[in-house]
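What the coordinates show
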Amino acid sequence: RRHLLGIEGLSYPEITGLLDLADEYVALNRQVEKKRAILRGRTQVNLFFEASTRTQSSFEIAGKRLGADVMNMSVNSSSMKKGETLIDTAVTLNAMHPDILVVRHQDSGAVALLARKVDCSVINAGDGAHEHPTQALLDALTIRRNKGAIDQLTVAICGDILHSRVARSNIILLNTLGARVRVVAPTTLLPGGIERFGVEVYRDMREGLRDADIVMMLRLQRERMNGSFVPSVREYFHYYGLDPAKLRYAKPDALVMHPGPMNRGVEIDSSVADGAQSLINEQVEMGVAVRMAALDALSRHLPNA
Ligand code: CP
């Protein structure tokens, strides 16, 4: 493959192959000397039209550890501020012969559109509510390293499913690997027809968490709601916020995940986020390894590779 635009369409061996490769990078990243020359001479441009802490910084670290020249395009001070379109921006960057573009955009489908206009490899770092493939891969790697085989597990994905590209990519990936996937949310935060993605739908947190192995919390994305979020944040936390009492409905050895950024006291209580069952910091570590694996895998399909 030349691009990584989504989890949709990736096969079981492609996913597990990326996870196996990422496992090697976890080991490398824990050593003093962390560099490989796989992308030496290559140019990677990170083009983020939406804010990011984890994804952008880990793609930068990943590219540099593999020897690439990495440029973070500053969208806010670019000519897009003067009205240049997404495509003209992409075509302009393409003329500088980058090898890999890592793109985040607020609109679903924008990254795939851009990929059709450039000659280099494109990685989707999150497009609207559509997909965030490297997030789902790092989540799967975190689960696999802690729980072993994913096909034996029940994973409850909770909260703002409607606006979540993380949920969508995770549902596709976890289903491909054979997990039992539940979504837990109020009706207002569930996309219509979500059942066709092969998930069990729960509107009650306690029922949805019952005997779950993994509890994956999502951020309430109020910036995408145009002020139309009906329950107050306090009510939301009461019914859907993960606190120790609700977590007790999951298996005793259940593990808690959150892709970040977290809204503490909105979708998750600090005592759970920072507690013994939390994998949240480990997810961040896995993010660098997974992005190194994705860059490594795509590099084999670059011209003259
Ligand atoms: N999980 C995630 O995509 O985080 P950032 O928005 O900080 O990149």
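Quantities reported herein were computed from a predicted structural model and do not represent experimental measurements. (Residues numbered from 1 in each chain as written. Predicted model: local features only at pLDDT ≥ 70, side-chain atom pairs only at ≥ 80, totals over all residues. Heavy atoms only, no water.)

1. Let's talk about the overall build of the protein chain
Rules: For the purposes of this entry, the term helix denotes a DSSP run of H or I that reaches at least four residues, the term strand denotes a run of E that reaches at least two, and both are numbered from the N terminus. Atoms counted for the radius of gyration: C-alpha only. Globule rule: 2.2 Å times the number of residues to the power 0.38. Between buried and exposed lies partly exposed: a residue is buried under 20% and exposed over 50% of the maximum accessible area for its type, with that area taken using a 1.4 Å probe on protein chains only. It only takes one pair of heavy atoms within 4.5 Å for two residues to be counted as in contact.
Along the protein chain, the regular secondary structure elements total eleven helices and nine strands. By the compact-globule yardstick of 19 Å for 305 residues, the protein chain fits well, its C-alpha radius of gyration being 19 Å. C-alpha atoms of the protein chain, sized along the principal axes, occupy 55 × 45 × 35 Å. In the protein chain, which comprises 305 residues, the share counted as buried stands at 54%. The long-range fraction of contacts in the protein chain, counting pairs at least 24 apart against all pairs at least 6 apart in sequence, stands at 74%.

2. A closer look at the packing of helix 1 (residues 12-29) against helix 11 (residues 280-299)
The cut-off we apply is this: Every angle, taken between N-to-C directions, lies between 0 and 180 degrees, and every axis is a line fitted to C-alpha atoms, over only the stretch in contact when it is a helix. Angles are sorted into four bins: roughly parallel if under 35 degrees, roughly antiparallel if over 145, roughly perpendicular if 65 to 115, and oblique for all others. Throughout, a crossing is termed right-handed when the near helix is turned clockwise from the far one, and left-handed when it is turned anticlockwise from it by less than a right angle. Here the term charged refers only to Asp, Glu, Lys and Arg, the term nonpolar to Ala, Val, Leu, Ile, Met, Phe, Trp, Tyr, Cys and Pro, and the term polar to all other amino acids, Gly among them.
Between helix 1 and helix 11, the shortest axis-to-axis distance is 8 Å and the interhelical angle comes to 120 degrees. One finds that helix 1 runs oblique with respect to helix 11. In this structure, helix 1 meets helix 11 at a crossing whose hand is right-handed. Residues L18, L21, A22, Y25, V26, L28 and N29 of helix 1 touch helix 11, and the partners they reach there are E285, M286, V288, A289, V290, M292, A293, A294, D296 and A297. Considered class by class, the residues forming the contact of helix 1 with helix 11 number 14 nonpolar, one polar and two charged.

3. Points about the packing of aromatic side chains
Rules: The rule is short: rings of Phe, Tyr and Trp, with Trp giving its six-membered ring, pair when the centres are within 6.5 Å, and they are stacked under 30 degrees, edge-to-face over 60, tilted in between. Our definition puts a charge over a ring when NZ of Lys or CZ of Arg is within 6 Å of the ring centre and also within 35 degrees of the ring normal.
Following the criterion strictly, the structure yields one aromatic pair and no others. In this structure, K246 packs its charged tip against the face of F237, placed 5.7 Å from the ring centre.

4. Remarks on the sheet that holds strand 3 (residues 100-105)
Put simply, the rule reads: Whether two strands pair comes down to DSSP finding at least two bridges between them.
Strand order in the open sheet formed by four strands is 2-1-3-4, and the pairing between neighbours is parallel. The open sheet is flanked by strand 2 (69-73) and strand 4 (121-127), the only strands paired with a single partner. Each adjacent strand pair in this sheet contributes to an overall mean axis angle of 15 degrees, direction not counted. Lying over the sheet, helix 2 (residues 54-65) contacts strand 1 (43-48), strand 2, strand 3 and strand 4, oriented at roughly 180 degrees with respect to strand 1.

5. A closer look at the environment of P13
Along the chain, P13 turns up in helix 1. You can call P13 exposed: its relative accessible area is 57%. Residues P13 and T176, 163 residues apart in the sequence, show an inter-C-alpha distance of 10.0 Å.

6. Examining the sheet that holds strand 5 (residues 154-158)
Taken together, five strands build an open sheet; the order of strands is 7-6-5-8-9 and the sheet is parallel. Of all the strands in the sheet, the pair left with one neighbour each is strand 7 (200-202) and strand 9 (255-257). Each adjacent strand pair in this sheet contributes to an overall mean axis angle of 20 degrees, direction not counted.

7. Some thoughts on the UniProt feature "domain: Aspartate/ornithine carbamoyltransferase carbamoyl-P binding" (unreviewed entry) in the protein chain
Put simply, the test is: UniProt positions are given in the numbering used here, feature names are shortened, and annotations may be inferred rather than shown by experiment.
Taken from the UniProt record, the annotation "domain: Aspartate/ornithine carbamoyltransferase carbamoyl-P binding" (unreviewed entry) applies to residues 2-144. The distance separating the terminal C-alpha atoms of residues 2-144 is 26 Å; by composition the span is 40% helix and 17% strand.

8. Some details on helix 5 (residues 133-147)
The test is simple: The span expected for a helix works out to 1.5 Å for each residue beyond the first.
When the terminal C-alpha atoms of helix 5 are compared, their 21 Å separation across 15 residues agrees well with the 21 Å that a helix rising 1.5 Å per residue should span. Burial analysis of helix 5 places eleven of its 15 residues in the buried class, the great majority of the element. Along helix 5, the positions that sit buried rather than exposed are P133, T134, Q135, A136, L137, L138, D139, A140, L141, T142 and I143. Positive phi appears at G148, one or two residues downstream of helix 5, with a value of about 80 degrees.

9. A closer look at the pairing of strand 1
Among the six residues of strand 1, five are classified as buried, and the element is accordingly described as predominantly covered. Note: strand 1 against strand 2, five bridges, orientation parallel. From the neighbouring strand, V45 faces strand 2, where its bridge partner is M71. Bridge count for strand 1 against strand 3 is five bridges, and the pairing is parallel. Directly across from L47, in strand 3, lies its bridge partner V103.

10. Focus: the nonpolar core
Going by this rule: The nonpolar core is taken to be a set of buried Ala, Val, Leu, Ile, Met, Phe, Trp, Tyr and Cys residues, with the residues joined through side-chain atoms within 4.5 Å.
Counting residues in hydrophobic clusters, the biggest one holds 87 residues, and the most contacted among them are L137, I157, I161, V215 and L242. Here the element with the most residues in this core is helix 11; it accounts for ten residues. Once residues within four sequence positions are removed from consideration, I161 is found in contact with A167, V183, A185, L189, L190, P191, I194 and L218. Of all hydrophobic cores here, the second largest spans 17 residues; its members include V45, L47, L86 and L114.

11. Focus: the site of the ligand
As a reminder of what qualifies: Throughout this document, a residue counts as near a molecule or strand when at least one of its heavy atoms sits within 4 Å of that molecule or strand. For this analysis, a polar contact is any N or O atom pair within 3.5 Å, provided that within protein one partner can donate a hydrogen and the other can accept it, and provided that sequence-adjacent residues contribute only side-chain to side-chain pairs. In short, Shrake-Rupley with a 1.4 Å probe defines the accessible areas, and a residue's cover is counted only from the protein chains shown.
Taken together, S52, T53, R54, T55, R104, H132, Q135, P259 and G260 make up all the residues around the ligand. Between the ligand and T53, the relevant distance is 2.8 Å, taken from an oxygen atom to a main-chain nitrogen or oxygen of the residue. Within the complex, the protein chains bury 92% of what would otherwise be the 250 Å² of accessible surface of the ligand. Within the shell around the ligand, the residues separate by chemical class into one nonpolar, six polar and two charged.

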